[in-house]
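# Geometric and topological summary
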Amino acid sequence: MKNNADLPKVSVPSSQGVIVRNAIKSYGVGSRRSTVLNGLDMNVKKGTIYGLLGASGCGKTTLLSCIVGRRSFDSGEVLVLGGPPGTPESGIPGPRVGYMPQELALYGEFTIKETLQYFGRIYKLEATFVNSQLEFLSKLLDLPPDHRYVKTLSGGQQRRVSFAVALFHEPELLILDEPTVGVDPLLRRSIWDHLVQQSADHGRTVIITTHYIEEARQADAIGMMRSGRLLAEESPENLLKVYGFDTLEEVFLKLCMKDGIGKTTNAMLNAKSFNETSYTPSRKHHRDGGHDNMAFNYSISQFDVSQVGVERQDHIKNHPRSLAYYNAPTSKSTLPMDGNGIVCLNFSRHGDGSLPAYNSSSFDSFNMKGRINLHSGGESISKSRSVYTINKSNSTCIEDVIHNNEASNKCRSRTFKMSIPSMHRSAALIHKNFMQTFRNIGMFLFVFLLPALQATIFCLAIGQDPTLLKMAIVNDELDSSEGRICNYTADCSYFMFSCRYLRFIDNNTIIQVPYQSLSSAVKATRNGEVWGVVHFGRNFTDEIMVRQSDGSAASNETIIGSRIGVTMDFSNQQISVVLQRRLNEAFKDFTNDILKACDYEPSAGDIPVTFLDPVYGKKDSTYTEFMAPGMILTIVYFIAVALTAGVFISERKEGLLDRSLVAGVKMTEILLAHLVNQFTILLGQTALVFVCMLAVFNIPCEGNLALAVFITLLQGLCGMSFGFLVSSICDSEISAIHLSLGSFYPTLLLSGIIWPIEGMPSSWMRSLSYSLPQTYAIEALRSVFARGWGAELPDVYRGILISTGWIFIMLGLSLIVVRVRKHTG
Ligand SMILES: Nc1ncnc2c1ncn2[C@@H]1O[C@H](COP(=O)(O)OP(=O)(O)OP(=O)(O)O)[C@@H](O)[C@H]1O
């Protein structure tokens, strides 16, 4: 029908559909550990439709996710299209499988057409093929117009689009988790008709879960699942015939009741007729079709089971038609005649650990058409469970154990191997990310401008000296009756020094509020009306003169009379520091002024400690300048954390991650695409932050601007990596927010952004500070900004190296966490 020429060709057609053996899967740990799959066996013949039925929570989705390789069994085996998931033979992940997870697994911001185009790019399909499939599937699934955004569709419409995504690249194997939920009966029928046609005409294998038991009548086989295993695995016709019911629901109910009242014996075996009937695909093409799946071709009645041990017989009961289990066969007579089959052997290793030798001559009466897999039935895979493949053509016994171990070793080594990203998939992901970003332009602009906005707020709000602070002035020197009033002379006149001093107080910082009495001024301070009181004694000017002339012989009375008494509200440290500084500066200016007016050297009145020109920085550098490097890095770092942390979580929750990974997308490609996307945004954000800080608010950067930008971008990447780590650890956005916010304050407080690390009381706390990802980078940027240092100096290159190290550590940890989570459920 459609020319799917670009899909990778499978060189060796597989004869197998899906085979699951003795699958065990648990979730949780300790007392909360619960077993979801409990020794489950499943056989799906290639080219058939397999309906997996079972109550909610019985483990269907878990089983499917293990089949598609998104989870792994605790023990047991799964072969998909001839190989374990994750191996090239299985085609998983990759275009040979179409997976529709239970979640929607669609991008809401995309139109229907864009959705298919995206997956088309992932599969590297030609645009003409994608368009023709879109047209075809739109009709088949009665999809809304393809320009409609997915997020605007109804739930049922969205599920149909999700179904179309699983179908459209015409995969060999379709794994559909409840595709017909929310779909009306007519459409359900056309979906099933399509699946039947796909399996009949094109030999596609379909595994489908559904809650509508009766619709599974169209399946070739049904697996009825309960308590983590299959109660029955049979064609619907046989099930109905054997149990004599009209509906599958009744059959299922019956099986459940049997299972529930402790009849552990498999219902199929109890029903004698099941021993006599094998599951044979009902549609003619299956009988003729040659899609060999050995599991389906034998009923138990075809095998001589006389030598099967008691334990094995239990297994046989669980595998009434698909498998035969044998205790270590020593004679060819124990093996089936004619046909193909999976033969499970219960054998032990020899004393020296070697495996018993089987070769084709052991079974020469067995007319093999294809491969025979000989399994041991032992429970412990590593010790006694082995798989043999006997290859008829060369008549040698190939130890699949070794082969499998090699395969699993390869798998294991793949686990932590960084696969080289594919160009076309990375390009598709990057394209998708940018489309998602720019679709919501309002939100994008907000996020894009947010760092510059934060930088502006920081520069405006932090580090400026407080202004317009009210101070009470109680000047007892004033007495108009005695002519003691303020004049504004600049001469060398020793008169009303109090007024002359007050003229030098910075009016922008201090508002002078005259009070008549000291008590009322102190009361005003207590009431919070003023920040303090500046008090001059009645003979202030005279006492200063006496003190100057008496020098070291000045009396205590003179000293007290000549002082400017300041009573302050010290409750606000920053304000009181500024007030003290301004009052001291005013006094210095006052003495300089009077000395100059009287022809003395103005600086003669200064204290001898003199700060000459600084080596680095300015004498009057502000707190804003101290904080700016830290703030720049913090803003960029945490915006990157916030943007990235949600990415995986929403993709994982919506099933998009699973769908992409099953489609063949690599985790490294997803990471890379997000890094490219976020980094591009980060470039713009960083540029705006620097313009804002340096050009608008005049924060000085003495060093190389490019170096400063480079350090900032590194910290942005560091934030992204941390965001990825957070999102790979957390299951929900809420927990990601908690973790991100939880890390925000310790970073802010411990990284030397607000206060110098040298102020920390103990060495362990300093060590803790330096173990954070931002501390060295902040020191590096501060050195570039304030000292003008270059990358050749340790303070700078250490920041660069440590930031780079953190990026790799956190990205590596993210990949490890993703892998570990896959294996732990
Ligand atoms: N990640 C997980 N951690 C812990 N328990 C889980 C996890 N995933 C699934 N489970 C539990 O495993 C059991 C089987 O879940 P699963 O989703 O496989 O069932 P299901 O048969 O597909 O159900 P439904 O038909 O409702 O989709 C449930 O009890 C579920 O709560």
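Here the residue numbering is sequential within each chain, running from 1 through the sequence in written order. The predicted nature of this model means local features are confined to residues of pLDDT at least 70 and side-chain atom pairs, given and counted, to a pLDDT of 80 or more, with totals for whole chains, interfaces and linings taken over all residues.

- The name that an unreviewed UniProt entry assigns to the chain is ABC protein, subfamily ABCH, with the source organism given as Daphnia galeata.
- UniProt positions are given in the numbering used here, feature names are shortened, and annotations may be inferred rather than shown by experiment. Per its UniProt entry, the chain bears the Subcellular location (unreviewed entry) comment "Membrane".

### Points about the overall build of the chain
- What the chain contains, in helices and strands, is 29 helices and 18 strands.
- Split into buried and exposed, the 825 residues of the chain put 42% on the buried side.
- Across the chain, every contact between residues at least 6 apart in sequence was considered, and the portion connecting residues at least 24 apart equals 72%. Helix and strand labels come from DSSP, where a helix needs a run of H or I of at least four residues and a strand needs a run of E of at least two; each type is numbered from the N terminus. Think of it as a crowd count around each C-beta: if 20 or more other C-beta atoms lie within 10 Å the residue is buried, if 12 or fewer it is exposed, and in between it is partly exposed, with C-beta placed from the backbone throughout. What counts as a contact here is a pair of residues whose C-beta atoms, placed from the backbone, lie within 7 Å.

### Thoughts on the environment of Phe-497
- If you trace the backbone, Phe-497 turns up in helix α17 (residues 497-502).
- Along the backbone, Phe-497 and Phe-540 are 43 residues apart, and their C-alpha atoms lie at a distance of 7.2 Å.
- The contact partners of Phe-497, leaving out residues within four places of it in the chain, are Phe-540, Thr-541 and Ile-544.

### As for the sheet that holds strand β1 (residues 18-27)
- On the basis of which strands lie adjacent, the open sheet formed by three strands has the order β2-β1-β4 and antiparallel pairing. Two strands bound the open sheet, and with one partner strand each, they are β2 (34-44) and β4 (75-80). Strand-to-strand, the axes of this sheet are offset by a mean angle of 25°, without reference to chain direction.
- When DSSP finds two or more bridges between a pair of strands, those strands are recorded as paired. Here eight bridges tie β1 to β2, and the two strands are oriented antiparallel to one another. When the sheet's bridge partners are listed, Ile-19 is paired in β2 with Asn-43. Every angle, taken between N-to-C directions, lies between 0 and 180 degrees, and every axis is a line fitted to C-alpha atoms, over only the stretch in contact when it is a helix.

### Observations regarding the packing of helix α2 (residues 112-122) against helix α3 (residues 127-140)
- Where α2 contacts α3, the two axes come as close as 10 Å, and the packing angle between them is 140°. With respect to α3, the element α2 is oriented oblique. At the point where α2 passes α3, the crossing takes the right-handed sense. Of α3, the residues touching α2 (which contributes Lys-113, Leu-116, Gln-117 and Gly-120) are Val-130, Gln-133 and Leu-134. An angle counts as roughly parallel when it lies under 35 degrees, as roughly antiparallel when it exceeds 145, as roughly perpendicular when it falls between 65 and 115, and as oblique in every other case. By convention the crossing between two helices is left-handed if the near helix lies anticlockwise of the far one by an angle smaller than a right angle, and right-handed if it lies clockwise.

### Concerning the site of the ligand
- Any residue whose backbone-placed C-beta atom lies within 6 Å of a molecule or strand is treated as near that molecule or strand. Surveying the vicinity of the ligand reveals 13 residues, the closest of which are Tyr-27, Ser-56, Lys-60, Thr-61 and Thr-62.
- With three residues, the single largest contributor to the shell around the ligand is helix α1 (residues 60-67).

### So, the sheet that holds strand β9 (residues 229-234)
- Judged by pairing direction, the sheet is mixed, and its six strands sit side by side in the order β5-β6-β7-β3-β8-β9 without closing on themselves. With one partner strand each, in any of the chains shown, β5 (97-100) and β9 form the two edges of the open sheet. Strand-to-strand, the axes of this sheet are offset by a mean angle of 15°, without reference to chain direction.
- One ladder, built from five bridges, connects strand β8 (residues 221-226) with β9; its direction is antiparallel. Counterpart to Gly-223 in the pairing with β9 is Glu-233.
- Set on the sheet, α1 makes contact with β3 (49-54), β6 (173-177), β7 (205-209) and β8; between it and β6 the angle comes to about 150°.
- Against the sheet, helix α5 (residues 185-202) engages β3 and β7, with an angle of about 150° to β7.

### Re the packing of α2 against helix α4 (residues 155-167)
- Where α2 meets α4, the closest approach of the two axes is 10 Å, and the angle between their N-to-C directions is 25°. Accordingly, the angle class assigned to the pair α2 and α4 is roughly parallel. Crossing geometry of α2 relative to α4 is assigned as right-handed. Where α2 approaches α4, its residues Ile-112, Thr-115, Leu-116 and Phe-119 are matched on the opposing element by Val-161, Ala-164 and Val-165.

### Let's talk about the UniProt feature "domain: ABC transmembrane type-2" (unreviewed entry) in the chain
- When the UniProt feature table is mapped onto this chain numbering, "domain: ABC transmembrane type-2" (unreviewed entry) sits at residues 584-821.
- Along residues 584-821, the helical share is 73% and the strand share 0%, with 64 Å between the first and last C-alpha atoms.

### Concerning α5
- A helix is expected to reach a length of 1.5 Å times the quantity of its residues less one. Under the 1.5 Å per step criterion, the end-to-end length of α5 is 25 Å for 18 residues, consistent within 8% with the ideal 26 Å.
- Within α5, the full set of buried residues consists of Ile-191, Trp-192, Leu-195, Gln-198 and Ser-199. Viewed along the axis of α5, the buried residues span an arc of 115°, placing them on a single side of the element. Along α5, the residues that are exposed and aim more than 90 degrees away from the buried face are Leu-186, Asp-193, Gln-197 and Asp-201.
- Buried-residue contacts for α5 involve β3, α4 and β7. It is the directions from the helix axis to the C-beta atoms that the arc portrays.

### Description of unusual backbone geometry
- Omega for the peptide link from Ile-92 to Pro-93 comes to 0°, which places this bond in the cis form.
- Along the polypeptide, Pro-93 turns up in the loop between β4 and β5.
- Of note, the phi angle at Ala-105 is positive, near 55°, even though the residue is not glycine.
- With respect to the helices and strands, Ala-105 occurs in the loop between β5 and α2.
- Phi is positive for Asp-142, close to 55°, though the residue is something other than glycine.
- In this fold, Asp-142 is placed in the loop between α3 and α4.

### Digging into the environment of Tyr-623
- Examined against the element boundaries, Tyr-623 turns out to sit in helix α22 (residues 623-653).
- Between the alpha carbons of Tyr-623 and Glu-702 there is a distance of 17 Å; along the sequence they are 79 residues apart.

### Considerations on the nonpolar core
- In this structure, Ala-164, Ile-175, Ile-632 and Leu-781 are the most contacted members of the largest nonpolar core, which totals 152 residues.
- Where each domain starts and ends comes from a domain assignment, either automatic or drawn from a database. Taken together, domain 1 (18-289) and domain 3 (423-460 + 622-824) each give at least three residues to this core, which thus spans both.
- Setting aside anything within four residues of it in sequence, one finds Leu-781 in contact with Pro-629, Ile-632, Leu-633, Ala-708 and Ile-711.
- Here, a nonpolar core means buried Ala, Val, Leu, Ile, Met, Phe, Trp, Tyr and Cys residues linked by C-beta atoms lying within 7 Å of one another. Residues Met-496, Phe-536, Leu-579 and Leu-583 belong to the second largest nonpolar core, which totals 23 residues.

### A word on the environment of Ala-673
- Residue position: Ala-673 is located in helix α24 (residues 667-696).
- On the basis of neighbour count, Ala-673 is assigned to the buried category, with 22 C-beta atoms found within 10 Å.
- Ignoring sequence-local partners within four residues, the contact set of Ala-673 consists of Ser-426, Leu-429, Ile-430 and Asn-433.

### What about helix α25 (residues 705-729)?
- Spanning 25 residues, α25 covers 36 Å between terminal C-alpha atoms, matching the ideal 36 Å at 1.5 Å per step.
- Counting buried positions along α25 yields 18 of 25 residues, so the element is predominantly enclosed.

### Digging into the pairing of strand β17 (residues 532-536)
- Of all five residues in β17, five are buried; the element is thus mostly enclosed.
- What you see with β17 is no split at all: Gly-532, Val-534 and Phe-536 on one side and Val-533 and His-535 on the other are buried throughout.
- Sheet topology note: the strand β15 (residues 469-475)/β17 ladder contains four bridges and is parallel. Opposite Asn-475, over in β17, you have Phe-536 as the bridge partner.
- Summarising the sheet, β17 and strand β18 (residues 564-568) pair through five bridges and their orientation is antiparallel. If you follow Phe-536 over to β18, its bridge partner there is Ile-564.

### Things to note about the confidence of the model for the chain
- Confidence scores here are pLDDT values: one per residue, from the predictor, ranging 0 to 100. The pLDDT averaged across the chain works out to 80; a share of 78% of its residues lies at or above 70.
- Across residues 1-14, where pLDDT falls below 50, the model places 20 contacts with residues more than four positions away in sequence or in other chains.
- Across residues 357-417, where pLDDT falls below 50, the model places 91 contacts with residues more than four positions away in sequence or in other chains.

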